[in-house]
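# Descriptive analysis of the structure
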Amino acid sequence: MPIVDYNMDNAGKCQCAKCPVQADSACAQEKIQKMMQMKEQMQSMDGGGMPEPRMMPGLYCAEAVGKASCDDLDFAQGCICDTCLVHQEHNLKSYRYCREGSAEQNG
Ligand code: SF4
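The paragraphs below set out a description of the structure included in this document. (Residues numbered from 1 in each chain as written. Predicted model: local features only at pLDDT ≥ 70, side-chain atom pairs only at ≥ 80, totals over all residues. Heavy atoms only, no water.)

Moving on: the state of the cysteines. Applying the stated criterion across every chain, the model contains one disulfide. Between the sulfur atoms of Cys-27 and its disulfide partner Cys-70 the distance amounts to 2.0 Å. Measuring handedness by torsion sign, the sulfur bridge of Cys-27 and Cys-70 sits at about -70° and is left-handed. Of this pair, Cys-27 sits in helix H3 (residues 26–45) while Cys-70 sits in the loop between H3 and helix H4 (85–89); the two residues are 43 residues apart in sequence, bridging distant segments of the chain. (Disulfide = S-S within 2.5 Å. Helix = DSSP H or I, 4+ residues; strand = E, 2+ residues; numbered from the N terminus.)

Take the packing of aromatic side chains next. By the definition in use, this model includes zero aromatic pairs. Between the NZ or CZ atom of Arg-99 and the centre of the ring of Phe-75, over which it lies, the distance is 5.3 Å. (Phe/Tyr/Trp six-rings, centres within 6.5 Å; stacked < 30°, edge-to-face > 60°. Lys NZ or Arg CZ within 6 Å of the ring centre and 35° of its normal.)

Bringing the environment of Ile-32 into the picture now. Assignment of secondary structure puts Ile-32 in helix H3. With relative accessibility at 4%, the residue Ile-32 sits in the buried group. Sequence-wise, Ile-32 and Gly-49 are 17 residues apart; in three dimensions their C-alpha atoms are separated by 16 Å. Residue contacts for Ile-32: discarding those within four places in its chain leaves Ala-17, Gln-22 and Pro-57. (Buried < 20%, exposed > 50% of the residue type's maximum accessible area, 1.4 Å probe, protein only. Contact = heavy atoms within 4.5 Å.)

Residue position: Ala-23 is located in helix H2 (residues 20–23). Each C-alpha atom, one on Ala-23 and one on Asp-9, is 23 Å from the other, the two residues being 14 residues apart in sequence.

Written out as C-alpha coordinates, the structure reads:
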(Lines give C-alpha, C1' and ligand atoms only; values in the text may rest on other atoms or scores of the structure.)
Protein backbone atom coordinates (compact mmCIF):
# COMPACT_ATOMS: atom_id res chain seq x y z
CA MET A 1 0.00 0.00 0.00
CA PRO A 2 1.27 3.51 -0.77
CA ILE A 3 2.66 5.69 1.99
CA VAL A 4 2.01 9.42 1.86
CA ASP A 5 4.24 11.47 4.14
CA TYR A 6 2.75 14.16 6.30
CA ASN A 7 4.95 17.03 5.16
CA MET A 8 4.87 20.55 3.71
CA ASP A 9 5.50 19.37 0.17
CA ASN A 10 2.43 17.13 0.13
CA ALA A 11 0.34 19.65 2.09
CA GLY A 12 1.12 22.27 -0.54
CA LYS A 13 -0.15 20.00 -3.30
CA CYS A 14 -3.24 18.76 -1.45
CA GLN A 15 -6.57 19.81 -3.00
CA CYS A 16 -8.82 19.00 -0.05
CA ALA A 17 -9.29 22.66 0.89
CA LYS A 18 -11.03 23.17 -2.47
CA CYS A 19 -13.17 20.04 -2.25
CA PRO A 20 -16.98 20.30 -2.42
CA VAL A 21 -17.21 17.57 0.24
CA GLN A 22 -15.83 20.08 2.76
CA ALA A 23 -17.23 23.31 1.26
CA ASP A 24 -20.20 23.58 3.62
CA SER A 25 -18.54 22.03 6.64
CA ALA A 26 -18.27 24.68 9.36
CA CYS A 27 -15.75 22.46 11.15
CA ALA A 28 -13.47 22.00 8.11
CA GLN A 29 -13.77 25.64 7.04
CA GLU A 30 -12.71 26.80 10.50
CA LYS A 31 -9.63 24.56 10.29
CA ILE A 32 -8.86 25.85 6.78
CA GLN A 33 -9.04 29.46 8.03
CA LYS A 34 -6.73 28.67 10.95
CA MET A 35 -4.30 26.92 8.64
CA MET A 36 -4.21 29.91 6.26
CA GLN A 37 -3.47 32.24 9.18
CA MET A 38 -0.79 29.91 10.44
CA LYS A 39 0.76 29.70 6.97
CA GLU A 40 0.96 33.50 6.74
CA GLN A 41 2.53 33.74 10.19
CA MET A 42 5.08 31.08 9.35
CA GLN A 43 5.97 32.70 6.06
CA SER A 44 6.52 36.03 7.80
CA MET A 45 8.69 34.25 10.41
CA ASP A 46 10.51 32.43 7.62
CA GLY A 47 9.67 29.16 9.31
CA GLY A 48 7.98 26.05 8.05
CA GLY A 49 6.09 23.62 10.21
CA MET A 50 3.02 21.50 9.94
CA PRO A 51 -0.11 21.80 12.07
CA GLU A 52 -0.98 18.95 14.40
CA PRO A 53 -2.54 16.24 12.19
CA ARG A 54 -5.90 16.48 13.99
CA MET A 55 -6.06 20.16 12.99
CA MET A 56 -5.32 19.43 9.34
CA PRO A 57 -8.32 19.94 7.01
CA GLY A 58 -6.78 17.77 4.31
CA LEU A 59 -4.03 15.33 3.41
CA TYR A 60 -6.35 12.62 4.69
CA CYS A 61 -4.47 10.11 2.54
CA ALA A 62 -1.48 10.48 4.91
CA GLU A 63 -1.41 7.93 7.71
CA ALA A 64 -0.83 10.69 10.29
CA VAL A 65 -4.21 12.22 9.38
CA GLY A 66 -6.54 9.52 8.03
CA LYS A 67 -10.30 9.93 8.40
CA ALA A 68 -11.56 13.48 8.92
CA SER A 69 -12.38 14.37 12.50
CA CYS A 70 -15.11 16.76 11.31
CA ASP A 71 -18.51 15.08 11.28
CA ASP A 72 -20.29 17.56 9.02
CA LEU A 73 -18.71 16.66 5.67
CA ASP A 74 -21.16 16.16 2.80
CA PHE A 75 -20.31 12.90 1.06
CA ALA A 76 -23.12 13.42 -1.46
CA GLN A 77 -20.77 15.94 -3.11
CA GLY A 78 -18.18 14.91 -5.69
CA CYS A 79 -14.69 13.90 -4.59
CA ILE A 80 -11.76 15.73 -6.20
CA CYS A 81 -8.98 13.45 -4.99
CA ASP A 82 -8.15 12.59 -8.59
CA THR A 83 -7.26 16.23 -9.34
CA CYS A 84 -4.51 16.17 -6.75
CA LEU A 85 -0.78 15.89 -7.47
CA VAL A 86 -0.32 13.88 -4.27
CA HIS A 87 -2.75 11.34 -5.71
CA GLN A 88 -0.88 11.20 -9.02
CA GLU A 89 2.65 11.19 -7.62
CA HIS A 90 1.92 8.35 -5.20
CA ASN A 91 -0.07 6.40 -7.76
CA LEU A 92 -3.04 6.24 -5.40
CA LYS A 93 -5.96 4.08 -6.43
CA SER A 94 -8.61 5.07 -3.95
CA TYR A 95 -10.70 8.18 -3.20
CA ARG A 96 -12.50 9.84 -0.31
CA TYR A 97 -9.69 9.34 2.15
CA CYS A 98 -11.50 11.79 4.41
CA ARG A 99 -14.20 9.16 4.86
CA GLU A 100 -12.30 5.92 4.33
CA GLY A 101 -8.95 6.63 5.98
CA SER A 102 -5.38 6.82 4.76
CA ALA A 103 -3.82 5.50 1.55
CA GLU A 104 -1.80 3.07 3.63
CA GLN A 105 -5.12 1.42 4.54
CA ASN A 106 -7.04 1.99 1.31
CA GLY A 107 -4.58 2.17 -1.53
S1 SF4 B 1 -9.90 13.33 0.69
FE2 SF4 B 1 -10.79 13.56 -1.38
S3 SF4 B 1 -13.04 13.62 -1.02
FE4 SF4 B 1 -12.01 14.04 0.94
S5 SF4 B 1 -11.86 16.27 1.09
FE6 SF4 B 1 -9.93 15.52 0.20
S7 SF4 B 1 -10.23 15.66 -2.04
FE8 SF4 B 1 -12.27 15.74 -1.07
